Amino acid sequence: MICSSEEKKSKIHATIYDYISRKKGIENSSFYHLGDNLFSDVQNARSKGWNAQAFTDSHWTTRERVLAASGDGGFLSSAIAGSARSARLGQIRPFKEGIVTAAASVVGPMFTAYTLWVLLDVLNRGGRVIYFLARDGQVLAKICQRLARWLNIDVDICYIYASRQAFLLPALHNEGDNIINEALKLSYYDQIDLEEALTSLNYSSEELVYIAKLLPYNLRRISSSLSHNEMSALKAALSRKDLLKSLRARVHEAYFATLAYLDSKGMLSSSEACIVDLGWRGSTQLRLQKILGNNVKLRGYYMGISNSVLSAEDCICRWTTKVSLKTGLLEVMASSDHTTVKGFTFSLDGQPDCSPPIVEDKTLVQWGSRQQQEVALRFCDYLLEAVEVDTFTAQEFYQALKDAGLDAYHHFRLSPTWVEAEAYGSMPHQIDVNHAKFQELAPSVHNVDILRKILCRKSQGFNTSWYMGSIARSSNKSNLAKSIHLPAGRYIEFKARFITRKRRKDLDKFARHLLKS
């Protein structure tokens, strides 16, 4: 090994290349050099007759600079940024660049911070069991297992199949004569039309046709559009003896199968259970609590809660309110590799089973859900190797991770690269409660769509769940989109570079002061 500082030679002055050639007795043309600096590693090397090639993948990305500039900019910020870069460069198998960069610098830091917050809070409350709900909880559970090993603590981390749909029917078991009112309350809300609500209650196609004939209006109506008399007519129709009997039968079977499944996962063995999900309304917790009744009190952990259906009596812990969280975007970031559960039933041998059976979700796997998890988990592994558990308190580590993760997410949400916007924006995202309707998360748009949105925010010509993702995705074909996307990215990059350079100068000044003293 030849060290330039020891030999008093440098690449930037091109003095080291001839020196190595003479020292080794090898002609310059026989050397091959790989470096990340176009001047000192490539131009200077070639001027001395070396075969030189640039390797620029190791350069810091803008978001890695954002990670380094987060928090107080100390060792932890540097370790987080370095782990993100290592996770990105560690992707050996060729895959979508947009997923790799986002998973390394956004998904990994943010989900690790969120999961560490959950773990520390559960431990602080004396808990030793955490239930991560499918499907968003798949990668979170894997991260939590790594954090538990790093902290050297004994905690039971359980991943259970769950969904609003799966818990809907069993939640109606104890409603008695109020079953129709409660069924409509839990299934028929917001922009969900009547057909979607009845489908989620597992009414058959024949029953839907029958109900439609009983009503003086079609099944495409949403609840807010119904008058008092129209709602009364709906309740009267669903209360008919034959329809009510079949509903109660479905509820009865679903309740006991779901209870058996939860018991097999140990959820009925204690008086309190901690559940973890991404969020948003708390519908899953509400329905699950109705199933468990007073026997088990749930405590829900969420990234964010909005338009909550939970009451003041329900226990919830919210991670952050400071950052605008795009629900669709985060759900894509937490993509699992299997299908969703829509209910529970008993198998032929009397064991609780998922209905329909859980299988590989080919759409998500083909998109790259497994690779996204792989890169995010690699970030977590690298970071936990870099940070010794006794060097910083768990709270210090968590705060640095949270600052970095939220800063990176904020940057990604506002200024994704084109390849990231293309990868995440093209992902088909579920837009109905029955997982039957999908649309791209951030479809590409044209100049006229952008103008309509600027002039009228309620314009239907620009239907997207991630506005800046659509803008970035369209920046290669729309001048207007490009004029919006570029300034946002350049401002964030300038700010990150300015902060990191200032901190580097401060550290250099401090180091020189120490040497003098």
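Just so you know, these numbers come straight off a predicted model, no measurement behind them.

## Quick word on the pairing of strand S2 (residues 51-54)
Turning to step 1, where the next piece is worked out: Strand direction decides the pairing type here: strand S1 (residues 32-35) and S2, joined by 4 bridges, are parallel. Paired with Leu34 across the two strands is Gln53, which belongs to S2.
Turning to step 2, where the next piece is worked out: Taken together, S1, helix H3 (residues 38-47) and S2 form a β-α-β motif whose crossover is right-handed.

## Observations regarding the side chain of Ser83
Turning to step 1, where the next piece is worked out: Tracing the backbone shows Ser83 in helix H5 (residues 75-89).
Turning to step 2, where the next piece is worked out: Take Ser83: its relative accessible area is 4%, and that puts it in the buried class.
Turning to step 3, where the next piece is worked out: Not counting the four nearest positions on each side in its chain, Ser83 is found in contact with Phe379, Tyr382 and Leu383.

## Brief notes about unusual backbone geometry
Turning to step 1, where the next piece is worked out: Residues Ala134 and Arg135 are joined by a peptide bond in cis, for which omega reads 0 degrees.
Turning to step 2, where the next piece is worked out: Locating Arg135 in the fold gives a position in the loop between strand S3 (129-133) and helix H7 (137-151).
Turning to step 3, where the next piece is worked out: You will see that Asn152, though not glycine, has its phi angle at about 60 degrees, which is positive.
Turning to step 4, where the next piece is worked out: As for its position among the elements, Asn152 is in the loop between H7 and strand S4 (156-160).
Turning to step 5, where the next piece is worked out: At Asn202, a residue that is not glycine, the phi angle is positive and equals roughly 65 degrees.
Turning to step 6, where the next piece is worked out: Mapped onto the elements, Asn202 comes out in the loop between helix H10 (194-200) and helix H11 (205-214).
Turning to step 7, where the next piece is worked out: Asn202 sits in the partly exposed class, given a relative accessible area of 38%.

Conventions adopted
- Residues numbered from 1 in each chain as written.
- Predicted model: local features only at pLDDT ≥ 70, side-chain atom pairs only at ≥ 80, totals over all residues.
- Heavy atoms only, no water.
- Pairing = 2+ DSSP bridges.
- Helix = DSSP H or I, 4+ residues; strand = E, 2+ residues; numbered from the N terminus.
- Right-handed = clockwise from strand over helix to strand, strands pointing away.
- Buried < 20%, exposed > 50% of the residue type's maximum accessible area, 1.4 Å probe, protein only.
- Contact = heavy atoms within 4.5 Å.

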